[in-house]
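Report on the structure
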Amino acid sequence: MMKAKLTISMRLYLSVLTLFLLFAVAFIVFQQYREKQYKVSTLNIHLQDYNNLLYEALSAKDKRSTEAFLSSFIPRHSIKGLRVTIVSRGGRVLFDNQRKDYRDMGNHSGRPEIAQALKTGTGSAVDRNSMSLGHDYFYSATYYPSCGIVIRSALPYNNSLLRSLRADQHYIWFALAVVILLTIVLYRFTSRLGHNITKLNEFAARADHGDGIEAVELAGFSDDELGDTAARIVKLYLKLGRTQQEQNVLKRQLTQNVAHELKTPVASIQGYLETILENPNVDDATRRQFLERCYAQSKRLASLLNDMSMLNRMDDGADMMTFEKVNVADIIFTVQKESQFALEQKGMTMQTDLPDDISVNGNRSLLYSIFRNLTDNAIAYAGMNTAIVVRAEKIITPDAFNAEYPSLAVKSNFNQPFWHFTFSDNGTGVPPEHLGRLFERFYRVDKGRSRKMGGTGLGLAIVKNAVRVHGGAITVCNNKTGGLRFDFTLKQS
């Protein structure tokens, strides 16, 4: 039969409690020893004072004999039961108030307190048995070199002395009360710890088995730092689960959009080629027309695949791209020159208000894709006889800029100067309900018109990702006077 396994909270409780009890016992024993030593020291000082008093009295005594003087002095000035012995430097007993035959007592130079007094001036002994009287005494001896004598006073080590030297017991009860109080506090703490660990263990088990977990279960954790940490772990798990579900939905949508976008050009190419193969006698003009349409659809297909490849590179390998110092003004002028024919066909103009040198540490290909896609988007949807305006401004102190463009400031969070670009047109603009989704992949405001224009639906998604790769942020809005306006930031090199 298996033994019940102790929980981690109980093991922690027992371990800390054991250490604390050991410390408490050690403290009590040490405190008792220290208090007893203090009382012994105090008693020794008291007896030493008596020795000094007796010596001073001996020094000032009258013509009476020493024995007669001591026999009258000691009863008047001593503690009850006090024994006084005077010993010469050589160890011979000169006087003892409790032995009439003190002259017959043996040599006392070997007594511990006497030997210590002769060596250091004072000496004491606790609970030493008297060889002459056969009782236990507390001795305190003082050596007076000028007279060559040692005065030793002693108290019988009886119940009365034991009580006076016994340590005070009140602090022991106080220590026990503190131990009990801290034991209760420790138990409450470890119980809460065990409760949170049990809840986390249940959560982990349910998560491991794929069982549903509701946010309401967070209420079961204790209201402290540990409970907050445990609740955050569950919240992160729930958030991760929701994010995973959203990603799965986006992946399915992306797969469907890719399949749909690929289906149209592939079906067109297949239809034209099938017509040519099934009608070998078709005239050259029709055959050429069909082949030209197949070529146009293949170009659209290649463009779609290139755009998807670029997005994948930015998603998966942005850190592996080569960055260098790039003059963005040169790129904008290149795009303007390449788009001039398309602009003229629609009666559009492209105006630039740019410094000569716009230095950015970036990837030239991605920076080109930003302005090329924005320009192609404006040409396709701004309308006839409209104008495109591109501006750039260096921002050195970002406080005012952050106040005017909080969405860009929060995402950019630059600690160095940066460039603020504005790309706008005075065309038809976009209905407000569509503005928030313009950067989504394959999203089109007018799907039929977009496909006629030959767009892939990925241009603005590429723009947003390219800006983010360069540490910036981008927003879009309708101009008050009409048309669409993009604001974005790029770090200065």
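The rules we used
Every chain begins its residue count from 1, and numbering advances along the sequence as written. This being a predicted model, a pLDDT of at least 70 is required before a residue's local features are given, and a value of 80 or more before pairs of side-chain atoms are given or counted; all residues contribute to the totals for chains, interfaces and linings. For the side-chain quantities, the full set of heavy atoms in the structure was used; hydrogens and water were omitted. Numbered from the N terminus, helices here are DSSP runs of H or I no shorter than four residues, and strands are runs of E no shorter than two. A simple rule labels every residue: compare its accessible area, found with a 1.4 Å probe on the protein chains alone, to the largest value its type can have, and call it buried under 20%, exposed over 50%, or partly exposed in between. The contact criterion used is simple: two residues touch if any of their non-hydrogen atoms lie within 4.5 Å. Note on pairing: DSSP must find at least two bridges between two strands before they are called paired. To define axes, lines are fitted to C-alpha atoms, for helices over the stretch in contact only, and angles between the resulting N-to-C directions are given on a 0 to 180 degree scale. Note on terminology: a nonpolar core comprises buried Ala, Val, Leu, Ile, Met, Phe, Trp, Tyr and Cys residues joined through side-chain atoms within 4.5 Å. Nitrogen and oxygen atoms within 3.5 Å of one another constitute a polar contact, given that in protein one can donate a hydrogen and the other can accept it, and given that sequence-neighbouring residues count only through two side-chain atoms. Reported orientations rely on four angle classes, namely roughly parallel under 35 degrees, roughly antiparallel over 145, roughly perpendicular from 65 to 115, and oblique for the rest. Crossings are assigned a handedness: left-handed for a near helix turned anticlockwise from the far helix by less than a right angle, right-handed for a clockwise turn. Residue polarity follows a fixed list, in which Ala, Val, Leu, Ile, Met, Phe, Trp, Tyr, Cys and Pro are nonpolar, Asp, Glu, Lys and Arg are charged, and the others, Gly among them, are polar.

**A closer look at the environment of threonine 375**
Mapped onto the fold, threonine 375 is located in helix α10 (residues 364-381). The buried category is assigned to threonine 375, whose relative accessible area is 0%. Along the backbone, threonine 375 and leucine 343 are 32 residues apart, and their C-alpha atoms lie at a distance of 9.5 Å. Apart from the residues within four sequence positions on either side, threonine 375 is in contact with Val335, Ser339, Met350, Ile388 and Phe423.

**Examining the sheet that holds strand β7 (residues 349-353)**
Backbone-to-backbone hydrogen bonds join strands into a sheet, with any given pair of strands oriented parallel or antiparallel. Here five strands make up an open sheet; going across it, the order is β7-β9-β10-β12-β11 and the pairing mixed. With partners counted over all chains shown, the strands left at the sheet margins are β7 and β11 (474-478), one partner each. Shown here is a sheet whose adjacent strand axes are inclined to one another by a mean of 15°, direction ignored. Contacts from helix α8 (residues 328-338) reach β7, β9 (387-395) and β10 (418-425), with the element oriented near 170° to β7. Its contacts with the sheet place α10 against β7, β9, β10 and β12 (484-491), and it is angled at close to 175° to β12.

**Topic: the pairing of strand β5 (residues 149-156)**
In terms of burial, β5 is largely enclosed, as seven of its eight residues are buried. Where strand β1 (residues 83-88) and β5 come together, six bridges link them in antiparallel fashion. Bridge pairing in β5 links isoleucine 86 to isoleucine 151. Counting the residues between successive antiparallel strands, the hairpin from strand β4 (residues 136-144) to β5 contains four residues, one of them, glycine 148, with a positive phi of roughly 70°.

**Some words on the nonpolar core**
Counting 41 residues, the largest nonpolar core has Ile358, Ile370, Phe371, Phe421, Phe486 and Phe488 as the members making the most contacts within it. No other element matches the seven residues that α10 contributes to this core. Judged by nonpolar contacts, the second largest core, of 25 residues, contains Phe69, Phe73, Val84 and Tyr102.

**Re helix α15 (residues 459-469)**
Most of α15 sits inside the fold, with eight of its 11 residues counted as buried. Looking at α15, one finds that the buried residues are Gly459, Leu460, Ala461, Ile462, Val463, Asn465, Ala466 and Val467. Positive backbone phi, approximately 75°, marks glycine 471, located one or two places after α15.

**Overview of the side chain of threonine 142**
Tracing the backbone shows threonine 142 in strand β4. At 3.1 Å, the side chain of threonine 142 and the side chain of asparagine 51 are in polar contact. Those residues in contact with threonine 142 that sit more than four places away from it in its chain are Gln48, Asn51, Asn52, Ala117, Gly121, Thr122, Ile149, Val150 and Ile151.

**Section: the environment of methionine 384**
As for its position among the elements, methionine 384 is in the loop between α10 and β9. Under the relative-accessibility criterion, methionine 384 is labelled exposed at 51%. Put simply, methionine 384 and methionine 348 are 36 residues apart on the chain and 6.6 Å apart in space, counted from C-alpha to C-alpha. Ignoring anything within four residues of it in the chain, the contact list for methionine 384 reads Gln345 and Lys346.

**Here's the deal with the packing of α8 against α10**
The interhelical angle for the contact between α8 and α10, taken along N-to-C directions, is 45°, at an axis separation of 10 Å. By the criterion of interaxial angle, the relationship of α8 to α10 is oblique. Crossing of α8 over α10 shows right-handed handedness. Contacts between α8 and α10 involve Val328, Ile331, Ile332, Val335 and Glu338 from the former and Arg364, Leu367, Tyr368, Phe371, Arg372 and Thr375 from the latter. Residue classes in the contact of α8 with α10 are distributed as seven nonpolar, one polar and three charged.

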